[in-house]
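Working through the structure, step by step
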Amino acid sequence: MTWPSSSRYGIASRVGFGAGKVILLGEHGVVYGYPAIAAGLALGVEATAKRSSEHRLRIDSWSLNLPADPDSEEPLSRAFAMCLDDREPLPHPIEVACEVNLPPGAGLGCSAAIGVATLRALDEILNTQSSPEQLQERSLRWEKFFHGTPSGIDNAVSAFGGIVRYTRGSGVRRMSCPSALSLVIAHSGASSSTKDMVESVQRQQRHEPQKVAKVFQAIATLVQNAEHTMASGNLRHLGQLMTLNQSLLATLMLSTGKIEELCEIARDAGALGAKLTGAGGGGCIIALCEDSDQAFSVAEALHEKSESVFMSEVSS
Ligand code: PMV
């Protein structure tokens with residue numbers, strides 16, 4: 001989704017949006033080729049591109065104002081340089097300013113959303129239009145500056161939006177779900193590094209390959225069940241599958257005491273299921289609710305123990 005230039009952003013500026021995401025089921029296994037289901041959020045990143053005297057990437061809320069430098073130690077600076085390099089020859093230097101409405105390191109796909117928003121803002125100012133597939137491909141290269149070996153799910157969801165099934169091999173398949181899913185998203189207060197969490201699973205995989213493969217196969221079975229369940233609109237069953245997914249992720253030491261506590265509060269308050277989302281080791285949990293009224297009660301219950309809580313409806 002992109003918005004044309006508007007008075008809010010000034011005459012010569014162009015705005016692109018990159019959606020944040022939640023992984024409903026299947027994180028980590030997706031790195032090893034297993035399937036996962038994820039949904040784009042209405043919350044994300046807005047990037048504004050404008051003509052400038054030199055290439056710059058700004059994120060004011062993070063006090064960042066970076067050049068496009070392929071040799072920089074700052075991955076954002078290298079990633080931005082790559083995006084511009086792809087678009088050469090450029091008619092003039094470009095400044096991109098990102099308004100990031102996602103917490104970083106929280107499992108909500110913040111770096112991918114910055115990438116997709118930046119690419120869309122460049123499209124807007126250069127009067128070009130990338131297809132979702134082109135955006136997916138370019139934003140995967142962007143993600144590699146941050147996570148080393150990303151599965152590609154975060155940037156794919158950010159580029160496509162909606163609810164998607166994703167595997168590394170076959171990419172994105174849009175899923176249909178008869179009604180919107182009411183989610184509550186609660187931040188545990190700790191941030192975590194996706195790279196570190198993925199590496200921790202890699203270490204376990206080297207030491208106990210059979211155990212890790214069994215866990216991922218079990219998660220893949222949950223994903224397969226969830227596909228049928230979502231198509232039929234059986235939310236209760238979907239919630240149970242999410243809770244089972246949480247238990248399996250915990251066996252890979254991806255959960256924390258706080259995440260377990262928040263999941264339990266959500267379930268006790270009536271949520272149909274709850275789990276961590278994204279890399280784990282901190283970050284956010286998601287709780288699936290019957291409807292927005294229930295989501296409100298669950299959000300209220302989580303409020304005191306979470307750093308922040310918000311409700312989100314996701315749909316196909
Ligand atoms: O925490 P996030 O938003 O970066 O999500 C990571 C998802 C993983 O499956 C753990 C890693 C990946 O590349 O898919």
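Basis of the calculations
- Residues numbered from 1 in each chain as written.
- Predicted model: local features only at pLDDT ≥ 70, side-chain atom pairs only at ≥ 80, totals over all residues.
- Heavy atoms only, no water.
- pLDDT = per-residue confidence, 0-100.
- Contact = heavy atoms within 4.5 Å.
- Near = heavy atom within 4 Å.
- Polar contact = N/O pair within 3.5 Å; in protein donor to acceptor, adjacent residues only side chain to side chain.
- 1 Å grid on protein atoms, 1.4 Å probe; cavity = no way out; pocket = protein on both sides within 12 Å on 5 of 7 lines; lining within 4 Å.
- Sits in = over half its atoms within 2 Å of the grid points.
- Helix = DSSP H or I, 4+ residues; strand = E, 2+ residues; numbered from the N terminus.
- Domains from an automatic or database assignment.
- Buried area = accessible area lost by both parts, 1.4 Å probe.
- Salt bridge = Lys/Arg side-chain N within 4 Å of Asp/Glu carboxyl O.

1. Concerning the confidence of the model for the protein
- Mean pLDDT over the protein stands at 94; residues scoring 70 or higher make up 96%.
- Long-range and interchain partners of residues 1–12, a stretch whose pLDDT sits below 50, account for 22 contacts in this model, where long-range means more than four residues apart.

2. Thoughts on the site of the ligand
- The local shell around the ligand holds 17 residues, among which Lys21, His28, Ser151, Thr194 and Ala279 are the closest.
- Here Thr194 contributes a side-chain N or O atom positioned 2.7 Å from an oxygen atom of the ligand.
- Ala279 places a main-chain nitrogen or oxygen 2.9 Å from an oxygen atom of the ligand.
- Among the cavities detected, the one that contains the ligand is the largest pocket.
- Of all the elements in the fold, those that place two or more residues in the shell around the ligand are strand E2 (14–25), helix H4 (153–160) and helix H5 (194–207).
- Counting contributing residues per domain, the shell around the ligand is built from domain 1 (16–174) and domain 2 (181–314), each supplying no fewer than three.

3. What to know about the domain arrangement of the protein
- The assigned domain composition of the protein is domain 1 (16–174) and domain 2 (181–314).
- In this structure, domain 1 and domain 2 have C-alpha centres spaced 23 Å apart.
- Across the boundary between the two partners, domain 1 contributes 30 residues, which contact 41 residues of domain 2.
- Approximately 2,700 Å² of surface area, both sides summed, lies buried where domain 1 meets domain 2, with 70% of it carried by carbon and sulfur atoms.
- Of all residues in domain 1, Leu25, His28 and Tyr32 bury the most surface against domain 2, accounting for 25% of the area lost on that side.
- Viewed at the interface, domain 2 and domain 1 are joined by 3 salt bridges.
- For the interface between domain 1 and domain 2, the tally reads 11 residue pairs in polar contact (both at pLDDT 80 or more).
- Those elements giving two or more residues to the side of domain 1 that touches domain 2 turn out to be E2, strand E3 (36–51), helix H3 (132–147) and strand E7 (163–167).

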